[in-house]
Every structure is written in C-alpha cells, then in structure tokens.
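Commentary on secondary and tertiary structure
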Amino acid sequence: MRGIRLNLLLVLMGASLQVQAEQLTVAVASNFTAPMREIAGAFEGETDHRVRLVFGSSGKFYAQIRHGAPFEAFFSADRAKPEALEQAGLAVPGSRFTYAAGGLALWSGDGNLVRGGPGALERGDFNKLALANPRLAPYGAAAVQVLRKLGLEEGTRPHWVQGENIAQAYQFVASGNADLGFVALSQVSEGGHIDSGSAWEVPEDLHDPIRQDAVLLKRGVDSAAARALLRFVRSERAAAIIESYGYR
Amino acid sequence: MGFSDTDWTAIWLTLRLASTVTVLLLLIGTPIAWWLAKSRSRWKGPVGALVAMPLVLPPSVLGFYLLLAMGPGGPIGQLTQALGLGILSFTFWGLVIASLFYSLPFVVQPIQNAIEALGERPLEVAATLRAGPWDRFFTVVVPQARPGFISAAILGFAHTVGEFGVILMIGGNIPGETRVVSVQIYDYVEMLEYDRAHWLAGAMLLFSFAVLLGLYLFRQRRSRAGIGVGA
C-alpha cells in the first residue's frame, strides 16, 4: 500500500513537472538570428516551453541587462560581455559556455575580385575594404589580426570603412559601396557554398577563434526552462543546425 | 578626464559638417521656401510633403536608401561617378549630401513661415517703387523675414549636430572624415567605456539646451519687439 502511494506521488510529481511550461525571454546577438530561430523552434517542439527571442547588439543587451532587462539567458556575440555580467553578479557563475565559433570570409559582390585568396588585398585593386569595427566587434578584431598576419594592416588602413557590427560590414559590400570586405562566413555561405559574388574563406590559423558565449542570467536561475534551453543548445541536434549556418 | 584627442577630432568634424550643411541649406532652402510660400501650383502639396518627409521618416530608412542611392548602381552614385567625383559614401561630402536631405525641413519651414507671414503687401509696395525682383528680395524679404532665416540656420545647424542614424548607415566610422560626435558616443557606449561616453554625451546635452534656449529667448524678444513696432 505504502509503495503504491509513493509511486502515485512520484507519477503526479512527474506530471506536474511536465505541464510546468514556461515562457522564456532570451537576448540573442543579431548575427545568430537565423540559427537561433531554428534552434528555438526545435526546442519548443521537444518541450512545452515557449521561447521569446529578442535580437540586437550585444553591447546594448549588456547595458540593458545591467539595468534590469527581463531576460533569462543571453547569447552574446563575444566572450567578454557574458564574463563581465558574471563578474557583476548578474549571471549565474559556471553557466557560461561557447555556443558557436564564427568563421571569417573576405567577400566581394564582384564574382572575379576575390579568387579564393588574399590577392586582391595585396594588389590593392579595390576602393574600400569593409570590416566590422575592431574595437566593438569580435569579427572586426579578427579581420585586423588577419591583415596584420598578412602584413597588410598599414597598407590597407586608408581604405577601411567600419561597420558598427558585422551586419553593417556585409551591407557595405552587398550594396556595392565597398568593393570587398571581411564578413562572417555565416552571412555568405549557404549549405557550405558561397552563395554570391566571390570569397576567400580565411583559414582559422590566421586569427584567434571568434567565440560566442552564452550565459544563464540571474533572472533565469530558478527557471528549469532556461536551463533546458542552454542544455539543448549544446545537444547534437543544435550543433548540426549551428554548423549548417557556417559556424564552426 | 576631459576630452581625448579623438574626441576633439570628432567635435571639430561635427562642427565643420554642421556649418557646411547650414550654409548650403540656406542657399538651397530659400528658393524652395519662397516657391512653397508663393506658389499656387498643384505641385505645392507634393513638394511640401517631400520636403517634410525627413521629419517623420526614421533615419534608418533615409540612411538605407542613401546608401543604395550613393552606391555605384544608385542614381546619386552614377551622377557623382559621371562628374568624376567617385563614390561619395564614407566621405565627408557624402555626409554633407545626406545631411542636406535630413535637415532640409528644419531650414525650409521657418523661412517659408516667415515669408508667408510677410504677405504680399510689402512686396507690392516695393514693386510700385520700381524695385526689381532681386532688389525686392534682398531689401524687403531678407530684412523682414530675418528671424525666420536665423531660426532656420540655428535649427539646421543643431539638427545636423544631432544627426546619428543616417551617418551610422553611410559613414563607415572613419576618424576625421565621418566619425562625428554622436557616432563616437555610440562607440564608447558599445565598448562599455561609460565615463568617456558621459563626457561627450553631457556636452551634447548642454549644447542642445543652450542652442534651444537661445532660440526661444531670441523668438520671445522678437515677438515683443514686433508688437511694439506694430502698435
């Protein structure tokens, strides 16, 4: 009798855990928009939780989180901001992890300009070289490292135009205002191929890894759904989605 | 802490941009304002609406279209290339062109209002005294509508100083060329250097308040003086 009662209790508890669906609000760096939508969709399919995604610049999210923004988790475009939040006591210690590593591409809208190498940069036959602001964006900092390794930093500097983020660097090239630029591989590759213009996939050894970290925020410390989402992002299913968007 | 060297570069650039734009806008805006004030054409409505559009359009829309228009395939880009000027995006003069659109209503509307308030009478009187059109404009319209011109210049200047979204879209953040104060502040905030941001942002706040206060005091004095003369 006692055993049955205990079993019943456990079943009921399990059931109540099952129906405890939560609504999450998650801040996500805008460069990760497309994969995150797909990941959240898959996560919602596997659980009863609902995820509300907010996309924007990591710097602004950082400022907003410091001032009480209602996010349970934060997917930053870099490693520094989740770390700073943890130090400020606004994120759950030990919850930080790298969810994606970005690849860099030198890309031109012109199908002949970038022929799978940095030749166009060496020859200097371009008007402007677009890159993300190296002081703000990890992709920009990586682009400068590549130029430095190639010994082209000073030579190309007068031609730099800086986007506030990697999306803007892409925009400068896509609109033809800059002949070429360093963009995220995820922006120009589809299913492993460059989808327009010409590009050089920059080898990984020319720059530090562009790691993007996620962190559980203080607000989500008691949320089973937030923890489940962060776990799901590390699953094989999510990894396949992330890779399909050109992240490494 | 105070301002750093790059801050001063940005401040100087911003003042240079705003002054250039203000002078050009007074030259371009005055005939437009005149036409809008005097014309009975059926195009008056559409032209007035076009001029006022930057008041309601988000800078991101204006910046986005300007980026496309100034690019090699866009109408402005093709014109500047044909004139041998190359592509103007990411240059000081590109910002000037963008700001001309952006600040146009702030210059045209005060001048237009002043000319409308002037009415036909003074011009008719001047005409009977055989003053030619140019003579009438410079000896009657300009002095009588002077408060309108001064308001226009102040607003055009201040609005250009406060420009951000459009410049962010077409500027490319080049020191001394397109990195104006508002962009510099944005960079500081994004870099989490809030102290440096405070210095520049505080200066902007004081500047805008001082300019607007000056404008209101000027208008108040004018209206009091105006009543005095009228009586």
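About the cut-offs
- Residues numbered from 1 in each chain as written.
- Chains lettered and ligands numbered in written order.
- Predicted model: local features only at pLDDT ≥ 70, side-chain atom pairs only at ≥ 80, totals over all residues.
- Heavy atoms only, no water.
- Helix = DSSP H or I, 4+ residues; strand = E, 2+ residues; numbered from the N terminus.
- Buried < 20%, exposed > 50% of the residue type's maximum accessible area, 1.4 Å probe, protein only.
- Pairing = 2+ DSSP bridges.
- Axes fitted to C-alpha atoms, helices over the stretch in contact; angles between N-to-C directions.
- Contact = heavy atoms within 4.5 Å.
- Salt bridge = Lys/Arg side-chain N within 4 Å of Asp/Glu carboxyl O.
- Expected span 1.5 Å × (residues − 1).
- Arc of directions from axis to C-beta.
- UniProt positions renumbered as here; feature names shortened; annotations may be inferred.
- Patch = residues over 30% accessible without salt bridge, like charges linked within 9 Å, V, L, I, M, F, W, Y side chains within 5 Å.
- Areas by Shrake-Rupley, 256 points an atom, 1.4 Å probe, with all protein chains shown as cover.
- Polar contact = N/O pair within 3.5 Å; in protein donor to acceptor, adjacent residues only side chain to side chain.
- Nonpolar A, V, L, I, M, F, W, Y, C, P; charged D, E, K, R; others polar.
- Domains from an automatic or database assignment.

Let us now look at the overall build of chain B. Assigned secondary structure in chain B consists of eleven helices and zero strands. The helix and strand sequence of chain B, counted from the amino end, reads α-α-α-α-α-α-α-α-α-α-α. Counting only C-alpha atoms, chain B reaches 65 × 45 × 25 Å along its principal axes. Expressed as a percentage of the 231 residues in chain B, the buried residues total 45%.

Now for helix α10 (residues 181-190) of chain B. Residue and element names in this part refer to chain B. By the criterion of burial, α10 is predominantly enclosed, with nine of the ten residues buried. Within α10, the full set of buried residues consists of V181, S182, V183, Q184, I185, Y186, D187, Y188 and E190. L192 occupies a position one or two residues after α10 and carries a positive phi of about 65°.

On to the sheet that holds strand β6 (residues 129-132) of chain A. Residue and element names in this part refer to chain A. In spatial order, the strands read β7-β6-β8-β5-β11; together these five strands make up an open sheet with mixed pairing. Two strands bound the open sheet, and with one partner strand each, they are β7 (160-163) and β11 (198-201). In this sheet, adjacent strand axes meet at a mean angle of 30° when their direction is disregarded. Note: strand β5 (residues 104-108) against strand β8 (residues 180-184), five bridges, orientation antiparallel. Within the sheet, the bridge partner assigned to W107 lies in β8 and is G181. In the packing of helix α6 (residues 138-149) onto the sheet, the strands contacted are β5, β6, β7, β8 and β11, and the crossing angle to β6 comes to about 130°.

To continue, consider the pattern of salt bridges. All names here are of chain A. Under the defined criterion, the tally for this structure stands at twelve salt bridges over all chains. Close ionic contact of R96 with E86 constitutes a salt bridge, the shortest N to O distance being 2.8 Å. Taken together, the residues span a long stretch of sequence, with R96 in the loop between α4 (80-87) and β4 (97-102) and E86 in helix α4 at a distance of ten residues. For R96, a relative accessible area of 31% gives the class partly exposed. Between R148 and E153 there is a salt bridge; the shortest N-O distance is 3.0 Å.

The next point concerns helix α3 (residues 59-70) of chain B. The end-to-end C-alpha separation of α3(B) is 16 Å, in line with the 16 Å expected for twelve residues at 1.5 Å each. For α3(B), the set of buried residues is L62(B), G63(B), L66(B), L67(B), A69(B) and M70(B). Each buried residue of α3(B) lies within a common arc of 165° when the element is viewed along its axis, so the set occupies one face. Its buried side turned inward, α3(B) meets α8 (166-174) of chain A together with α2 (44-56), α4 (75-82), α5 (92-118) and α9 (165-171) of chain B.

Here the focus is the UniProt feature "transmembrane region" (unreviewed entry) in chain B. All names here are of chain B. Under the UniProt annotation, the feature "transmembrane region" (unreviewed entry) is placed at residues 12-37, 49-70, 82-102, 149-170 and 197-218. Within residues 49-70, the helical portion is 91% and the strand portion 0%, while the C-alpha atoms at the span's ends are 23 Å from each other. Secondary structure content for residues 82-102 is 57% helix and 0% strand, and the end C-alpha separation is 24 Å.

A surface patch of nonpolar side chains, amounting to about 400 Å² of accessible area, comprises L50(B), M53(B), L55(B) and V56(B). Following the sequence through the fold, L50(B) ends up in helix α2.

Attention now goes to the interface of chain B and chain A. Of the residues lining the interface, 20 residues belong to chain B; the matching set on chain A comes to 21 residues. In this structure, the connection of chain B to chain A is made through two salt bridges. The interface formed by chain B and chain A holds ten residue pairs in polar contact (both at pLDDT 80 or more) in total. Put simply, the parts of the chain that give the side of chain B that touches chain A at least two residues each are α3, α9 and α10 of chain B. By residue class, the composition of the side of chain B that touches chain A is 13 nonpolar, four polar and three charged.

What follows deals with the side chain of E190(B). Along the chain, E190(B) turns up in helix α10. Assessed through its relative accessible area of 9%, E190(B) is described here as buried. Not counting residues within four places of it along the chain, the set of residues in contact with E190(B) comprises S57(A), G59(A), K60(A), K81(A) and L136(A).

Moving on: the domain arrangement of chain A. All names here are of chain A. Taken as a whole, chain A is organised into domain 1 (2-101 + 211-244) and domain 2 (104-201). Taking only C-alpha atoms into account, the centre of domain 1 sits 32 Å from that of domain 2. On the side of domain 2, five residues touch domain 1, which itself brings six residues to the contact. The interface formed by domain 1 and domain 2 holds zero salt bridges in total.

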